[in-house]
Amino acid sequence: MLPIAKSELVQVLRDRAVLITSLLMPLAASAFFIGFRDVFAGIGSLGYVAAVLVFTIAAFSLYVTTVTTLAGRRQSLFLKRLRSTAAGDAAILTGLVLPVTVIALVQVAVIVTTFAVVGGTPADVLLFVVAAVATFAMMLALGIGTAGVTTSPEHAQVTTLPLSLGTIAVASWVGITGTQDLAELKRIMPGGAATELMVGAWNGGLALGDALLLLVPTAAWVVVAITIAAKMFRWEPRR
Amino acid sequence: MATNPVIDVDRLGVTYGTFQAVQDLSFQVERGELYALLGTNGAGKTSTLEVVEGHRTATTGSVRVLGAAPTDRRAVRPRTGTMLQESGFAPELTVAETVRLIGRLSGREDSAERVLGLVGLTRKAETRVAQLSGGEKRRLDFATAVYGRPELLFLDEPTTGLDIRSRDALWETVEQLRADGTTIVLTTHYLEEAQQHADRVGLMHGGTLQREGTVAELTRSLPASIRFSLPPGAATPPRQAVPLEDRSWAIETFELQRDLKQLLDWAAASKVELDGLSAAPTRLDDVFRAVGTDPAVPAPR
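Below is a summary of the structure that appears in this document. Everything numeric in this text was worked out from a predicted model, so none of it was measured.

**Considerations on a nonpolar patch on the surface**
A contiguous nonpolar surface patch, about 460 Å² in accessible area, is contributed by A:Phe32, A:Phe36, A:Val39, A:Ile43 and A:Ile176. With respect to the element layout, A:Phe32 can be found in helix H2 (residues 16-35).

So, in structure tokens, the structure goes:
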């Protein structure tokens, strides 16, 4: 698995298009949110800004890059090449997504830490981390699943739009309007409960019972995403 | 029947939806043998090869490779080298990085420098794969396949896109591997390569194996051909000659030497010059064509 991850990291660092998508765009978007944090905090709250930062990086740096990478490797038959070796499917897939996942995790750690330094620290760091990690796990698995219906890196620009924009929209909807209205609907949407957890963890005031309750749909979405990935991912291009 | 086959395919069937690509296919490949699996377009040889290589599971029947299921990668792949029909390399990696990666994942020990030297890519070691020509990619593919001297080597269209010098070098390496006891499965559209190098040939058509045997056995089943033209007003040639067009004649024969001598004797006695005289033994191409046109054989789907 590690030789594959190392080669994948080399490829990411040498591919300018992927570098721009996975590094520069999320960084630029994050800088925008942090720079105008008071405006966005006025619309929602600081917790909302933190949640949007996590979802922006999870959507663009992790999800889109995962789909683009896997579709490209399958289109070029690199996946078939790797499967001609003694490496198992799990090791191949883990090796392929490990670099983009680590890059995204480092990005989110640096950006959220920067936000905490300039905007104030979260009330419950552990809960925030749990919600962020669950969001990353969900987006990674959804990326693997979406790669199954994506024929090429170019096609990924289309196939990733619904979920990347959709999850950020859900995060914004929940973060700005709260869950006083339509609470059930908002919590069962992908990223809805995770957003509420992050907002509550950052702003404070979330009771333990409520947090545990929100962890259920958050974890359920991780399971759903993994199921989708297992059912939809394909190793071979369609004939 | 092979006694201890490296590859044992028994009544293999491969189905895509309602389409049956391969049906009731059985063959064995023995240790140290070069077996050429040939076929018309859509014959099912790619599906067969994918199952044998472990990239696809059989719908029906069974396949054993080196005594294990071909999908058992840990058991089979460290002993197997595969040259895919299409290269499938990461364009951003260099040639040396590619060989090291695939070599390490193969589970065999070797040095990238050795195999790159073997295929004449030493000077391209630090070049990115994206900058290689099509022929160089095929050589890189071959280098990764022979990394660590595998017991079993799959060569899927190995010389497509190679210039004649690279082809010769590749076959020289293949012959060295054979001399060391490597078992080789070859698919190719260059029938002369199969004719020259294969110990046995399996000829597929319509999803089944239509002919199998050594080149000599296969070609023996079809007549050799003598062709010539006669000048206007010439005497009628020996009775086995069949008229074609434009004063051309053909003799199809299983006794090439005898009938050629008879024709030459007749021409000498008749004082006739045989224009464009050619005598060709039966080649694998002829067997291949006969499979496609034999009314007893189903037409390609």
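That was the structure; now back to the text.
**Some points on the packing of helix H4 (residues 46-75) of chain A against helix H9 (residues 161-177) of chain A**
Between two packed helices, the angle of one axis relative to the other and the distance separating the axes together describe the packing. All names here are of chain A. It is the contact of H4 with H9, at a shortest axis distance of 9 Å, that shows an interaxial angle of 175°. Overall, the two elements H4 and H9 adopt an arrangement that is roughly antiparallel. Residues Tyr48, Val52, Phe55, Thr56, Ala59, Phe60, Tyr63 and Val64 of H4 pack against Leu163, Ser164, Leu165, Thr167, Ile168, Ala171, Ser172, Gly175 and Ile176 of H9. Grouping the amino acids of the contact of H4 with H9 by side-chain chemistry returns twelve nonpolar, five polar and no charged.

**A closer look at empty space enclosed by the protein**
Within the structure shown, the criterion is met by three cavities of 30 Å³ or more. In this model, the largest cavity occupies a volume close to 90 Å³. Lining the largest cavity are A:Arg81, A:Ser84, A:Thr85, B:Arg77, B:Thr80, B:Gly81, B:Thr82, B:Ile102, B:Ser106, B:Arg108, B:Thr144 and B:Ala145. Sort the elements by how many residues they give to the lining of the largest cavity and strand S5 (residues 80-83) of chain B lands first, with three residues.

**Some points on the environment of B:Leu121**
Residues and elements named next belong to chain B. Relative to the elements of secondary structure, leucine 121 occurs in the loop between helix H4 (112-118) and helix H5 (134-146). Owing to a relative accessible area of 0%, leucine 121 belongs among the buried residues under this scheme. Each C-alpha atom, one on leucine 121 and one on lysine 137, is 9.8 Å from the other, the two residues being 16 residues apart in sequence. Those residues in contact with leucine 121, other than ones at most four positions away along the chain, are Leu116, Glu136, Arg139 and Leu140.

**Overview of the pairing of strand S10 (residues 224-229) of chain B**
Residue and element names in this part refer to chain B. Bridge count for S10 against strand S12 (residues 248-253) is six bridges, and the pairing is antiparallel. Each residue of the ladder has a partner; that of serine 225, found in S12, is glutamate 252. Where S10 lies against strand S13 (residues 275-280), four bridges are found, and the strand directions are antiparallel. Paired with serine 229 across the strands is aspartate 275, a residue of S13.

**Notes on the environment of B:Ala58**
All names here are of chain B. Mapped onto the elements, alanine 58 comes out in the loop between helix H1 (45-53) and strand S4 (60-65). Along the primary structure alanine 58 and threonine 173 are separated by 115 residues, whereas in three dimensions their C-alpha atoms are 32 Å apart. Setting aside residues up to four positions removed in sequence, alanine 58 forms contacts with Leu12, Gly13 and Val51.

**Quick look at the sheet that holds strand S1 (residues 7-16) of chain B**
Residue and element names in this part refer to chain B. The antiparallel open sheet is built from three strands, whose spatial order is S2-S1-S4. The sheet is open, and its two borders are formed by strand S2 (19-29) and S4, each paired with just one other strand. The mean inter-strand angle of the sheet, taken between neighbouring strand axes irrespective of direction, is 25°. In the packing of H1 onto the sheet, contacts are made with S1, S2 and S4, and the angle to S1 comes to roughly 120°.

Reading guide: rules and limits
- Residues numbered from 1 in each chain as written.
- Chains lettered and ligands numbered in written order.
- Predicted model: local features only at pLDDT ≥ 70, side-chain atom pairs only at ≥ 80, totals over all residues.
- Heavy atoms only, no water.
- Patch = residues over 30% accessible without salt bridge, like charges linked within 9 Å, V, L, I, M, F, W, Y side chains within 5 Å.
- Areas by Shrake-Rupley, 256 points an atom, 1.4 Å probe, with all protein chains shown as cover.
- Salt bridge = Lys/Arg side-chain N within 4 Å of Asp/Glu carboxyl O.
- Helix = DSSP H or I, 4+ residues; strand = E, 2+ residues; numbered from the N terminus.
- Axes fitted to C-alpha atoms, helices over the stretch in contact; angles between N-to-C directions.
- Parallel < 35°, antiparallel > 145°, perpendicular 65-115°, else oblique.
- Contact = heavy atoms within 4.5 Å.
- Nonpolar A, V, L, I, M, F, W, Y, C, P; charged D, E, K, R; others polar.
- 1 Å grid on protein atoms, 1.4 Å probe; cavity = no way out; pocket = protein on both sides within 12 Å on 5 of 7 lines; lining within 4 Å.
- Points joined across faces, edges and corners; volume = space filled by probe spheres on them.
- Buried < 20%, exposed > 50% of the residue type's maximum accessible area, 1.4 Å probe, protein only.
- Pairing = 2+ DSSP bridges.

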